[in-house]
Amino acid sequence: MADCTAEAKRRGWVVAEEYVDDDVSAYAAKTRPAYERMLVDLAEGRRDGVIVWHMDRLHRRPAELERFVDTCSTAGVRDVVTLSGDIDLAKGDGLLMARLLAAVAANESDAKRRRGARKALEIAESGRPVMGGPRPFGFEGDRVSHHPAEAAVIRDLAARALAGESLTSLATWLQESRVRTVGGKEWRTNAVRQLLTNPRMWGMRVHRGQVIGTATWEPVITADQGERLRRLLLDPARRTNRTARRYLLTGMLRCGRCGNRLYSMPKNGKRRYGCATGPDQRGCGGVFIYAEMLEAFIADAVLYRLDSPTMAQVITGDGPDQEATRALAEAIQADNDRLAELTAMWADGELTREERRQATQRITLRIEANRRAFARLTHRDAVTDYIGRGADLRAQWDGLNLSRQVAIVKAVLNHATILPAAVPGRHGLDESRVDPEWRL
Ligand SMILES: [Zn+2]
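Draft legend 1. Fine view of the overall build of the protein. In terms of helices and strands, the protein carries 15 helices and 11 strands. Relative to its full complement of 440 residues, the protein shows a buried share of 36%. Restricting the contact set of the protein to residue pairs at least 6 apart, pairs at least 24 apart contribute 57%. Accessible area of the protein: about 24800 Å², with a carbon and sulfur share of 50%.

What follows is the structure in structure tokens.
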């Protein structure tokens, strides 16, 4: 990024926007939101040049390059600069150059992947360990010799699990005995389950999730124990904590007493959030609140904040684009007012139908453009459609599916702290118990 910024400065170009897709390789077939946004901006004529460190940051598959070239040539964008040398897409050899680079990059990625996969399979078939990454618990850095203390812990855990002790109890025991994972973390039930069901522990070599043979290391527990542990711990009937999401505020609530997040903890069939104790959650167990009224209360507050005059005022959040976002929100609001005014003027006979149509079209286009700009500045796509339309949203709210509702609440609410009930045991809604922290 620094190199590209310097290049823009050297050329005297104004950097309109930086498009960054962190941690998304151009080769992996994942979508790259910023890249897609850049293509749209180029196509719609909002950008007239691109600086990229190397062409392989743009695309590693030839088909992607063709799309990029298409977009640029349709929009008349010629200034595509790479720091390894300019590529002028308007010239025949510029395009050829870019195509060659893309073909080479695609071939390299492919070959590298094939070589890597073949090598990994070869190692797996020989029973040797995977190197790289953290060592497995129970083994030394060579991944073959046992780590005496940890291996003893594994044998202990296996015996206790087979004797019927729960994962919760085992994880608690590990935490209390100050046994840590290889990464230095406290043990959670899922990690204990993974440890005890990993065939590596009984001397099997696993490759891509499949046991493909005997490993070169000594087993820590017997194969018979291992198979019984798998039957016991991977039985789907045991997995009771995987319920479908029915809770609007999951992950957005904090305990007012200990600061931990609240979890869904239904009671007598009634949906409820609570501060959970135990090895995974480690809360204080002191705060509970019934879900239904709380969710209605928060949703209402969210919709209120999305209502236009409030919205324009509250978009004062931090960030360098504060002035611009505020101006855009105000412009959108003003145009919405104008649309209403047009209808009134037409009703009063001050405008013909055609005049009204033309004016409406012009204003609608401007609103659309401003909404897109607003979305780019705030990255809050979930709510941009609803600026100035909080009342509409309120009417539709109950009909939206839960994930859409969650997206809208999350765009506006950072988190809410739930204070303990004034009367112990009363888990109902008392608005003074709710302390929201808004993003907008
Ligand atoms: Zn708590």
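Draft legend 2. Molecular detail of the packing of aromatic side chains. All told, the structure shown has three aromatic pairs when counted by the stated rule. Seen in terms of ring centroids, Phe 139 and Trp 217 are 6.1 Å apart; in terms of plane orientation they differ by 75 degrees. Their pairing is edge-to-face. Linking Phe 139 in the loop between helix 4 (92-125) and helix 5 (148-162) with Trp 217 in the loop between strand 5 (210-214) and helix 8 (223-233), this pair joins segments that are 78 residues apart in sequence. For the residue pair Phe 139 and Trp 217, the accessibility class agrees, reading buried in each case. Over the aromatic face of Trp 13 sits the side chain of Arg 11, whose NZ or CZ is 5.3 Å from the ring centroid. One cation-aromatic arrangement involves Arg 271 over Tyr 247; the distance from NZ or CZ to the ring centre is 5.0 Å.

Draft legend 3. Up close: the sheet that holds strand 6 (residues 253-255). Read across the sheet, three strands follow the order 6-10-11 without closing on themselves; strand pairing throughout is mixed. Where the open sheet ends on each side, the last strands, each with one partner, are strand 6 and strand 11 (434-438). Pairs of neighbouring strands in the sheet enclose a mean axial angle of 25 degrees, with direction left out of account. Helix 9 (residues 291-306) rests against strand 6, strand 10 (413-418) and strand 11 of the sheet, and its axis sits at about 35 degrees to strand 11.

Draft legend 4. Representation of the packing of helix 9 against helix 15 (residues 402-412) within the structure. Taken N-terminus to C-terminus, the directions of helix 9 and helix 15 make an angle of 65 degrees; their axes are 10 Å apart at the nearest point. Note that helix 9 runs across helix 15; the crossing there is left-handed. Between helix 9, through Ile 298, Val 302, Arg 305 and Leu 306, and helix 15, the contact on the second element is made entirely by Ile 408, Val 409 and Val 412. For the contact of helix 9 with helix 15, the per-class residue count stands at six nonpolar, no polar and one charged.

Draft legend 5. Quick look at the coordination of the zinc ion. Within the protein, the zinc ion binds to Cys 255 (SG), Cys 258 (SG), Cys 275 (SG) and Cys 284 (SG); these donor distances fall in the range 2.2 to 2.4 Å. Coordination geometry of the zinc ion: the four donor atoms subtend angles of 99 to 114 degrees at the metal centre, consistent with an arrangement described as tetrahedral. Site description for the zinc ion: donor spacing in sequence, C-x2-C-x16-C-x8-C. Residue Cys 258 is found in the loop between strand 6 and strand 7 (263-264), and its partner Cys 275 is found in the loop between strand 8 (272-274) and strand 9 (288-290); the two are separated by 17 residues along the sequence. For Cys 258, a relative accessible area of 34% puts it in the partly exposed group.

Draft legend 6. Broad picture of the packing of helix 5 against helix 8. At a closest axis distance of 10 Å, the pairing of helix 5 and helix 8 adopts a crossing angle of 55 degrees. Looking at the two axes, helix 5 sits oblique to helix 8. Considering the relative orientation of helix 5 and helix 8, their crossing is left-handed. Contacts from Ala 158, Ala 161 and Leu 162 in helix 5 reach Gln 225, Arg 228, Leu 229 and Leu 232 in helix 8. A breakdown of the residues in the contact of helix 5 with helix 8 according to their chemical character gives five nonpolar, one polar and one charged.

Draft legend 7. Looking closely at the pairing of strand 4 (residues 204-207). Burial along strand 4 is one-sided: Arg 205 and His 207 are buried, and none of Met 204 and Val 206, which face the opposite way, are. From the end of strand 4 to the start of strand 5, which pair antiparallel, there are two residues, and Arg 208 there has a positive phi angle of about 50 degrees.

Draft legend 8. View of the nonpolar core. Judged by nonpolar contacts, the single largest core of 30 residues is most densely connected at Leu 249, Tyr 273, Leu 294, Ile 298 and Val 409. Mapped onto this core, the elements with two or more residues apiece are strand 6, helix 9, helix 15 and strand 10. If one sorts the elements of this core by residue count, helix 9 sits on top with seven residues. The contact partners of Ile 298, leaving out residues within four places of it in the chain, are Leu 249, Val 409, Leu 413, Ala 416 and Val 434.

About the thresholds
- Numbers given for residues are sequential positions, taken from 1 along each chain in its written order.
- Residues qualify for local features only when their pLDDT is at least 70, as the model is predicted, and side-chain atom pairs are given and counted only at 80 or more; totals for whole chains, interfaces and linings, by contrast, use all residues.
- Working from all heavy atoms in the structure, the side-chain values ignore hydrogens and water.
- Secondary structure follows DSSP: runs of H or I at least 4 residues long count as helices, runs of E at least 2 residues long count as strands, and numbering of each begins at the N terminus.
- In this scheme, a residue with accessible area under 20% of its type's maximum is buried, one over 50% is exposed, and one in between is partly exposed, where area comes from a 1.4 Å probe on protein chains only.
- Between two residues, a contact is recorded if the distance between any of their heavy atoms is within 4.5 Å.
- Areas reported as accessible are Shrake-Rupley estimates using a 1.4 Å probe. Residue values count occlusion only from the protein chains shown.
- Aromatic pairing here means that ring centres of Phe, Tyr or Trp (its six-membered ring) are within 6.5 Å. Orientation follows from the plane angle: under 30 degrees is stacked, over 60 is edge-to-face, and everything else is tilted.
- In this analysis the charged atom, NZ for Lys or CZ for Arg, is taken to sit over a ring once it is within 6 Å of the ring centre and within 35 degrees of the ring normal.
- Strand pairing is defined by DSSP finding a minimum of two bridges between the two strands.
- Axes here refer to lines fitted to C-alpha atoms; in helices the fit is confined to the stretch in contact. Angles between the N-to-C directions go from 0 to 180 degrees.
- Two helices that cross are described as forming a left-handed crossing if the nearer one is turned anticlockwise from the farther one by less than a right angle, and a right-handed crossing if clockwise.
- Side-chain classes are defined by residue name, with Ala, Val, Leu, Ile, Met, Phe, Trp, Tyr, Cys and Pro counting as nonpolar, Asp, Glu, Lys and Arg as charged, and the others, Gly among them, as polar.
- Water is not part of the atom set, so a site may look incomplete; the donors themselves are N, O and S atoms within 2.8 Å of the metal, or 3.2 Å for Na, K and Ca.
- Labels for metal geometry use angle windows, namely 85 to 135 degrees for all angles of a four-donor tetrahedral site, and for square planar (four donors) or octahedral (six donors) sites opposite donors over 155 degrees apart plus all others within 65 to 115; sites meeting none of these are irregular.
- Orientation labels follow simple angle bins: below 35 degrees gives roughly parallel, above 145 gives roughly antiparallel, 65 to 115 gives roughly perpendicular, and whatever is left gives oblique.
- What is meant by a nonpolar core is a set of buried Ala, Val, Leu, Ile, Met, Phe, Trp, Tyr and Cys residues, joined one to another through side-chain atoms within 4.5 Å.

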